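Chain by chain, the residues:
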Amino acid sequence: MAYSISLMPDEELVSLINDKDVFSELSSRYLTFLGNLVRKINPRESEFEDMSQAALLGLYEAAKSYDSEKGASFKTYATVCISNKLKNEVRNRNSGKNIPLNQSVSLDDVKSEFINFDTPESIIETKENFEAVLNQIHISLSDFERKVLVLVLSGYNRGEGAKKLGIPQKAFDNALQRIRRKLKANSSIR
């Protein structure tokens, strides 16, 4: 690159989103903003980490689909994408469709400190924790399981996700259970 990605404006940065360092830079720029959006929806303490991850996924999706030709700034576009992702997450949680799956793994041991915006050091630590989670997902899960996880984090319910992958819902549910088991077994990354 001609100059450091830390000096690039957001609109230029997102054009390079396929570079692994770019999303890391982008997410560090938006961590406080994402935390504020999550806090606005006032999630229960046990849901804060899940909602924060949904917000990060919304940021990533915004970066992947942003088109500067449409006239909106990246931050404006990202705000809409992230807000929609969070609304879908709340809607899915409140629908009751996934109650058996949601209850299969206790959320009592989830640390609400995953995202902390008090100091510059905590922002760096949060960024490192997020990268560790992504790395653990990449190492622990098969390609198929990662596809299932992306669909679930994107707001698809079990039936929609199975249909999108062209598999029986039971196969989708089984993959989701394996994902939960693997990620819970590796929860030391938090």
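Bear in mind the structure is a predicted one, so any value in this text is a computation, not a measurement. Along each chain, numbering runs from 1 in the same order as the chain's sequence is written. With pLDDT at 70 or above as the cut-off, local features in this predicted model cover only qualifying residues; side-chain atom pairs require 80 or more to be listed or tallied, and sums for whole chains, interfaces and linings still use all residues. Only hydrogens and water are removed before side-chain values are computed, so all heavy atoms of the structure are retained for them.

J.: How would you sum up helix H2 (residues 20-40)? Please name residues and give values.
T.: By the criteria applied, helices consist of DSSP H or I runs no shorter than four residues and strands consist of E runs no shorter than two, each listed in order from the N terminus. Multiply 1.5 Å by the residue count of a helix minus one, and that product is the helix's expected span. Given a rise of 1.5 Å per residue, 21 residues ought to cover 30 Å, and the 29 Å separating the end C-alpha atoms of H2 matches this to within 8%. Bend, in this description, refers to the angle at a residue between axes fitted to the seven residues ending there and the seven starting there. Maximum bend of H2: about 55°, positioned at Tyr30. Directly after H2, the chain includes Asn42, whose backbone phi takes a positive value near 55°.

J.: Tell me what's going on with a negative patch on the surface, and back it up with residues and numbers.
T.: Put simply, a patch holds well-exposed residues, over 30% relative accessible area, that have no salt bridge, with like charges counted together within 9 Å and Val, Leu, Ile, Met, Phe, Trp or Tyr side chains within 5 Å. Here, Shrake-Rupley sampling with a 1.4 Å probe gives the accessible areas, and only protein chains in the shown set may cover a residue. A pair is scored as a salt bridge if a Lys or Arg side-chain nitrogen falls within 4 Å of a carboxyl oxygen belonging to Asp or Glu. When charges are counted, Lys and Arg are positive and Asp and Glu negative, with His and the chain ends excluded. To locate a charge, take NZ of a lysine, CZ of an arginine, CG of an aspartate or CD of a glutamate. A surface patch of negative charge is lined by Asp21, Glu125, Glu128 and Glu131. Here the negative patch takes three residues from helix H6 (residues 120-140), the largest share from any one element. Tracing the backbone shows Glu128 in helix H6.

J.: Mind laying out the packing of aromatic side chains, listing which residues take part and the relevant values?
T.: Here a pair means two rings of Phe, Tyr or Trp (six-membered ring of Trp) with centres within 6.5 Å. Their orientation is stacked below 30 degrees between planes, edge-to-face above 60, and tilted elsewhere. Considering all chains together, one arrives at five aromatic pairs under this definition. For the pair Tyr30 and Phe33, a centre-to-centre distance of 5.9 Å together with 80° between the ring planes defines the contact as edge-to-face. Within this pair, Tyr30 and its partner Phe33 are both found in helix H2, separated by three residues, close to a single helical turn. Judged by its relative accessible area of 4%, Tyr30 falls in the buried class. Centre to centre, the rings of Tyr66 and Phe74 are 5.4 Å apart; their planes meet at 90°, and the pair counts as edge-to-face. For every residue, the accessible area (1.4 Å probe, protein chains only) is compared with the maximum for its type, and the residue is labelled buried under 20%, exposed over 50%, or partly exposed between those bounds. Looking at Phe74, the relative accessible area reads 0%, which means it is buried.

J.: Pulling in residues and values, what's your account of the pattern of salt bridges?
T.: Should the charged atoms of two oppositely charged side chains come close, the side chains can pair. Counting across every chain of the model gives seven salt bridges. Residue Arg29 pairs with Glu25 through a salt bridge whose shortest N-O separation is 3.0 Å. Here Arg29 and its partner Glu25 are both found in helix H2, four residues apart, which amounts to about one turn of the helix. For Arg29, a relative accessible area of 29% translates into the label partly exposed.

J.: Would you mind going over the environment of Ile167 in detail, with residue names and values included?
T.: When you line up the elements, Ile167 lands in the loop between helix H8 (158-165) and helix H9 (169-185). According to the relative accessible area criterion, Ile167 is partly exposed, its value standing at 21%. Contact criterion: two residues are considered in contact whenever any of their non-hydrogen atoms come within 4.5 Å of each other. Setting aside anything within four residues of it in sequence, one finds Ile167 in contact with Phe144, Ala162 and Phe172.

J.: Provide a residue-level description of the packing of H2 against helix H3 (residues 48-65), including the pertinent values.
T.: Here an angle of 0 to 180 degrees is reported between the N-to-C directions of two axes, which are lines fitted to C-alpha atoms, with helices fitted over the stretch in contact. Viewed as axis vectors pointing N to C, H2 and H3 meet at an angle of 130°, and their least axial separation amounts to 9 Å. When the axis of H2 is compared with that of H3, the two are oblique. Read as a crossing pair, H2 and H3 show a hand that is right-handed. Every residue of H3 that contacts H2 at Phe23, Leu26, Ser27, Tyr30, Leu31, Leu34, Val38 and Arg39 is listed here: Phe48, Met51, Ser52, Ala55, Leu56, Leu59, Tyr60 and Ala63. Reported orientations rely on four angle classes, namely roughly parallel under 35 degrees, roughly antiparallel over 145, roughly perpendicular from 65 to 115, and oblique for the rest. The hand of a helix crossing depends on one turn: near helix anticlockwise from the far one by less than a right angle means left-handed, and clockwise means right-handed.

J.: Could you give an account of the packing of H3 against helix H4 (residues 74-95), with specific residues and numbers?
T.: Look at H3 against H4: their axes get within 8 Å of each other, and the N-to-C directions meet at 140°. Relative to H4, H3 is oriented oblique. Crossing geometry of H3 relative to H4 is assigned as right-handed. Here Asp50, Met51, Ala54, Ala55, Leu57, Gly58, Leu59, Glu61, Ala62, Ala63 and Ser65 of H3 come into contact with H4, specifically with Phe74, Tyr77, Ala78, Cys81, Ile82, Lys85, Leu86, Glu89, Val90 and Arg93. Looking at the contact of H3 with H4, its residues break down into 14 nonpolar, two polar and five charged. Each residue is assigned to one of three groups, with Ala, Val, Leu, Ile, Met, Phe, Trp, Tyr, Cys and Pro labelled nonpolar, Asp, Glu, Lys and Arg labelled charged, and all others, Gly among them, labelled polar.

J.: Let's hear about the confidence of the model for the chain: which residues, and what values?
T.: On average, the chain scores 78 in pLDDT, and the residues at 70 or more come to 81%. For every residue, the predictor assigns a confidence score, pLDDT, that lies between 0 and 100. Across the chain, H8 holds the top mean pLDDT of 89, while helix H5 (residues 99-103) sits lowest at 50. Under a pLDDT of 50 for its full length, residues 102-115 has, in the predicted model, 25 contacts with residues more than four places off or in other chains.

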